[in-house]
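# Analysis of the macromolecular model
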Amino acid sequence: MTNAQTKSPPPSFAEAKNSRQKARAAGMDPDRWYVVEYDSAVKKGQVKEVVFWNTTIALYRGEDGVLAAMQNRCAHRQLKLSQGAVDKCNLRCAYHGWAYNRKGRLEDYSHDSFGNPLIKKQLRTYPVQIRYGLIWLFPGAPELASEHKIPDIPELTGDNTWANFAVDYTWRTHHSMVIDNICDFSHAFLHRKYKPFIDAKLTHHEADDDRVYLTYDAYMAGGRISGIFVDRNRVNTRSIELCYEYPYQWTNTGDSIKNWSFMLPIDERTTRVFFLFYFDALKIPLISMKTPKWLTQWVLNIAKPLVFKPILDEDGVALEAEQLSYEIYWNAPPIELNPVVPMFQRLTARKWEGYLERAKNAQAVCAN
């Protein structure tokens, strides 16, 4: 019987037989910084739930404006603290009002203690930073947070930053499928209406322990609308650099149009993706000079719903369909014409394998 007939689920990471199966079963190494929300999305006195690989985390901002993140459960009855309320700089459970400070320590009960002393209970907390208008969280071992850096984007740092915008999607698909999609330019047919790239030819690819780097010769922004805004006299739109720099991805077109993609793996079949685009300049019809930043930003705000979101919507439809099909036909022989796709999958699998080995060794040390 075929696996489609038996409806057997896809293999676990340990059971996987090839790179594609391993990549599709892999998590992402928690010992990295991950974007979990927009800075503007968490107001003073607000708490939100964020999820990293089946781990639920309560993210909140105290009345003093400082962010904090902790294990999303009250030690009392295990209710999610994200259902609770912010009280000054503490987070109170919605049920009995037990309050935890930013270090995860229980502060008070907010009710009669029945003669009992305050329980010395502490929840796990997570390092949090704000960068580029995004909230970054380190879900792994806190002592490793200083070893792994948030990507440095000089064009978005300082006083003379480039015009930019961010957009995010939550797709019912595994994070490795997202990487395959955004780095593989052989799927131009999917975007035949908007034509973000045309006639892509892979010209270079290389890999090391941490990244897969590649270049394409392609006609970028060939669509009827997108082509209006690209200044082809100033920007080389005939080629593009891409890099899967684990666990992030970036692109560069002519040193003037750039993008980072940040995956937040929610679970085995759900991924939230934050796309951060930034531009040195765009072309405004009937204006020959290089556009100032304020005008470039204004044009970007217009182009975002007209150009970028429709293209990404198409990717989302394809990715969610791929996820459903993989769950049925996971045992079909892998067929990949683009040589970089297996390289992405091997990198994803290797990094997850490395994390699992570290976690195993850490448990053995604790047991001894």
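Residues numbered from 1 in each chain as written. Predicted model: local features only at pLDDT ≥ 70, side-chain atom pairs only at ≥ 80, totals over all residues. Heavy atoms only, no water.

### Examining the nonpolar core
In terms of nonpolar packing, the biggest core is built from 61 residues, with Leu-59, Tyr-244, Phe-275, Phe-277, Phe-279, Phe-308 and Phe-344 touching the most fellow members. Sort the elements by how many residues they give to this core and helix α5 (residues 293–329) lands first, with nine residues. If near-sequence neighbours (up to four positions away) are discounted, Tyr-244 is found in contact with Met-28, Ile-179, Cys-183, Asp-210, Arg-211, Val-212, Gln-249, Phe-344, Leu-347 and Thr-348. Counting residues in each nonpolar core, the second largest holds 23 residues, with Ile-150, Leu-156, Ala-166 and Phe-274 among its members. (Core = buried A, V, L, I, M, F, W, Y, C linked by side-chain atoms within 4.5 Å. Buried < 20%, exposed > 50% of the residue type's maximum accessible area, 1.4 Å probe, protein only. Helix = DSSP H or I, 4+ residues; strand = E, 2+ residues; numbered from the N terminus. Contact = heavy atoms within 4.5 Å.)

### Brief notes about the sheet that holds strand β7 (residues 99–100)
Spatially, the four strands line up as an open sheet ordered β5-β6-β7-β8, and their pairing is antiparallel. With one partner strand each, in any of the chains shown, β5 (85–87) and β8 (106–108) form the two edges of the open sheet. (Pairing = 2+ DSSP bridges.)

### So, the environment of Ala-58
As for its position among the elements, Ala-58 is in strand β3 (residues 55–61). Considered as a pair, Ala-58 and Ala-69 are eleven residues apart in the sequence and their alpha carbons are 5.5 Å apart. Aside from chain neighbours lying at most four places away, what touches Ala-58 is Val-47, Lys-48, Ala-68, Ala-69, Met-70, Asn-72, Leu-81, Ser-82 and Leu-91.

### Regarding the packing of aromatic side chains
Counted according to the given criterion, the structure contains 24 aromatic pairs. Judged by centre distance (6.3 Å) and plane angle (50°), the ring pair of Tyr-213 and Trp-250 falls under tilted. Linking Tyr-213 in strand β13 (residues 211–220) with Trp-250 in strand β15 (residues 248–253), this pair joins segments that are 37 residues apart in sequence. Measuring from centroid to centroid gives 6.0 Å for Tyr-244 and Tyr-246, while their planes differ by 55°, and the two rings are tilted. Tyr-244 sits in the buried class, given a relative accessible area of 0%. By relative accessible area, Tyr-246 is classed as buried at 6%. An aromatic cluster of at least three residues, connected via ring pairs, comprises Phe-165, Tyr-169, Trp-171, Phe-275, Phe-277, Phe-279 and Phe-308. (Phe/Tyr/Trp six-rings, centres within 6.5 Å; stacked < 30°, edge-to-face > 60°.)

### Some words on a negative patch on the surface
On the surface, Glu-206, Asp-208, Asp-209 and Glu-245 cluster together to form a negatively charged patch. Structurally, Asp-208 can be placed in the loop between β12 (197–207) and β13. (Patch = residues over 30% accessible without salt bridge, like charges linked within 9 Å, V, L, I, M, F, W, Y side chains within 5 Å. Areas by Shrake-Rupley, 256 points an atom, 1.4 Å probe, with all protein chains shown as cover. Salt bridge = Lys/Arg side-chain N within 4 Å of Asp/Glu carboxyl O. Lys, Arg positive; Asp, Glu negative; His and termini not counted. Charge placed at Lys NZ, Arg CZ, Asp CG, Glu CD.)

### Some thoughts on the pattern of salt bridges
Under the defined criterion, the tally for this structure stands at 16 salt bridges. A salt bridge links Asp-87 to Arg-92, with the shortest nitrogen-to-oxygen separation between them at 2.7 Å. Residues joined by salt bridges that share partners form a network here, namely Asp-29, Asp-31, Arg-32 and Arg-358.

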